[in-house]
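# Summary of structural features
Below, each chain spelled out in residue letters.
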Amino acid sequence: MTAALSFDDLASQSGVDRQTVDDFVDAGVLQPSGSGAFKPSDVATVRLVASLVESGLELEVLSDAVRDGRLSFAFIDHLIPDPVRLVDAPTDGEGAVSLQYATYLEPILGSVWSEGEPIREDDLVILRVFAESVDLGASTDSVVRILRSIAQSATKVINLYRDFIDEVLLAPAIDRTGSPILALEETSRARLRYRELGKEIMALMMDRVVDDAIHRNLVDLTESALLAAGVHPEEDEQTIVFLDVSNYTRLSEERGDGESALQAALLTDVVSALARKHGGRLVKSLGDGAMVYVPYPDPGLELALDAVASAEEHGLWELHAGVNTGPMVRRDGDFFGSAVNVASRVADVASAGEVVVTDSVVAHVDDAAFVFEPLGESTLKNVGEPVALYRAERRSG
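As a starting point, this report considers the structure included with it. Keep in mind it's a predicted model, so treat the numbers as computed, not measured.

Before going further, it helps to spend a moment on the pairing of strand β9 (residues 355–358). Here β9 shows no split at all, with Val355 and Val357 on one side and Val356 and Thr358 on the other all buried. Pairing geometry for strand β6 (residues 319–325) and β9, over three bridges, is parallel. Across the sheet, residue alanine 321 finds its bridge partner in β9, namely valine 355. For β9 and strand β11 (residues 387–394), the ladder comprises three bridges, and the chain directions are antiparallel. Within β11, the residue paired with valine 356 across the bridge is arginine 391.

Pasting the structure below:
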């Protein structure tokens, strides 16, 4: 059973003084139990009401709205049963050391912490992770960069989640009840469960992606070791196509996460159909792109050219593609190895509307069907040797 909170506990964990809690109880916006204790969810209520009052809403106005039924905070019990608490900042040991990094996190998290004040419990944990990462040898700039990227990615995911909740829960409930407050009360339990499911799937997805990354790294290192020992793989015509949305970051910022998500879904549908048409298979969708496996280079190149040429026709943002042919390692339906890495990096080189291929593709396809414009050798990221690249087009007539 979750421990009940006293008046002083609630004030401390909410970041307000005891008098503020008393005022909220007197105003009727906060209600202790018959024994005079509070629930953990009351921390969220206090912080919400305190924010509203600080923004300029008079407590008396909020009190009147609660008493006559125009406003309710009852949904918080179900929606936020275990809110983030404020805790006393540590004054010694590892916890105190980690506080030196607070100024680095403020622009990332939006939190502001001053010495002697309580701190969000989750911010304190993040600070400890920051400190340990630096202790392990990372520079502060590197840790800031990765945390900022993670925060931005998390924000995009949560924005999509918010749109999902609005679509499947809130909007229908508001239409049905005619009241945002009643809608919040009606949907709070379902929203909590969706949040729990979201956390579960995010953790599973993270573990899944980490497992793939580890396997990919092991394959790359093994291939490198074999090549260094003079062991070369046999020729292979298996082909990988990477299709990417051109200027994805700019378009996402201009048109919003919702439109970006719709584009990702549409890209998956279009590429899946083209893959089936050319005897290949969509391996994975990548948000701003897709990875496709085709057993042979000719249909692989046809697929890439079809996708790029028909993007506008299908309502897609402009695409570009990279194609490579060579030996690769297969596991659980996914593909790994240097041939895959090269295809991904070749796609990075292609401009909007272009299909760029390696010399391996040129050597294996029917050159009567295609025209290849030499682009010279290119040094690709994380690829040991320069790779000869070509811009590919269909031969007219």
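Picking up after the structure, the text goes on.
Within the open sheet, the seven strands sit side by side as β4-β5-β3-β6-β9-β11-β10. Their pairing is mixed. Single-partner strands in this sheet number two, and they are β4 (281–285) and β10 (370–378). Pairwise comparison of adjacent strand axes, ignoring direction, gives a mean angle of 25° for this sheet. Across the sheet, helix α12 (residues 297–309) is in contact with β3 (239–245), β5 (289–294), β6, β9, β10 and β11; its angle to β3 comes to roughly 10°.

A few words on the packing of aromatic side chains. Enumeration according to the criterion identifies eight aromatic pairs in this entry. Centre to centre, the rings of phenylalanine 7 and phenylalanine 38 are 4.8 Å apart; their planes meet at 75°, and the pair counts as edge-to-face. Within this pair, whereas phenylalanine 7 is found in helix α1 (residues 7–14), its partner phenylalanine 38 is found in the loop between α2 (18–27) and α3 (42–54), the two being separated by 31 residues in sequence. Owing to a relative accessible area of 19%, phenylalanine 7 belongs among the buried residues under this scheme. Among the aromatic residues, ring-to-ring pairing joins Tyr101, Tyr104 and Phe130 into one connected group.

Moving on, we come to unusual backbone geometry. Most of the time, phi is negative for any residue but glycine, and the peptide bond is trans. Even without being a glycine, asparagine 247 presents a positive backbone phi close to 55°. Positionally, asparagine 247 belongs in the loop between β3 and α11 (248–277). Exposure remark for asparagine 247: the relative accessible area of 46% places this residue in the partly exposed category. The backbone of aspartate 332 sits at a positive phi, close to 55°, despite the residue not being glycine. Tracing the sequence through the fold places aspartate 332 in the loop between β7 (329–331) and β8 (334–336).

Of all hydrophobic cores here, the largest spans 35 residues; its most connected members are Val355 and Val357. Where this core is concerned, the elements lending two or more residues are β3, α11, β5, α12, β6, β9, β10 and β11. Of all the elements, α11 adds the most residues to this core, at seven residues. Setting aside anything within four residues of it in sequence, one finds valine 355 in contact with Leu301, Ala304, Leu305, Val308, Ala321, Val323, Tyr390, Arg391 and Ala392. Ranked by size, the runner-up nonpolar core spans 28 residues in total, among them Phe24, Val29, Ala65 and Ile181.

Among the residues making up α1, those that are buried are Phe7, Leu10, Ala11, Gln13 and Ser14. Check the buried side of α1 and you find it contacts α2, α3 and β1 (86–87).

Moving on to the pattern of salt bridges. Here the structure, examined in full by the defined rule, presents 22 salt bridges. Of the charged contacts, one joins arginine 331 and aspartate 211 as a salt bridge, the two residues approaching to 2.8 Å between their closest N and O atoms. In this pair, arginine 331 is assigned in strand β7 and aspartate 211 in helix α10 (residues 180–228), connecting sequence segments 120 residues apart. Relative accessible area serves as the criterion here: at 21%, arginine 331 is assigned to the partly exposed category. With a shortest N-O distance of 3.5 Å, aspartate 348 and arginine 345 are connected by a salt bridge. Here aspartate 348 and its partner arginine 345 are both found in helix α13 (residues 338–349), three residues apart, which amounts to about one turn of the helix. Take aspartate 348: its relative accessible area is 47%, and that puts it in the partly exposed class. A relative accessible area of 23% places arginine 345 in the partly exposed class. When salt bridges with common partners are traced through the structure, they connect Arg208, Asp211, Asp212, Arg331 and Asp332 into a single cluster.

Conventions and cut-offs
- Residues numbered from 1 in each chain as written.
- Predicted model: local features only at pLDDT ≥ 70, side-chain atom pairs only at ≥ 80, totals over all residues.
- Heavy atoms only, no water.
- Buried < 20%, exposed > 50% of the residue type's maximum accessible area, 1.4 Å probe, protein only.
- Helix = DSSP H or I, 4+ residues; strand = E, 2+ residues; numbered from the N terminus.
- Pairing = 2+ DSSP bridges.
- Axes fitted to C-alpha atoms, helices over the stretch in contact; angles between N-to-C directions.
- Contact = heavy atoms within 4.5 Å.
- Phe/Tyr/Trp six-rings, centres within 6.5 Å; stacked < 30°, edge-to-face > 60°.
- Core = buried A, V, L, I, M, F, W, Y, C linked by side-chain atoms within 4.5 Å.
- Salt bridge = Lys/Arg side-chain N within 4 Å of Asp/Glu carboxyl O.

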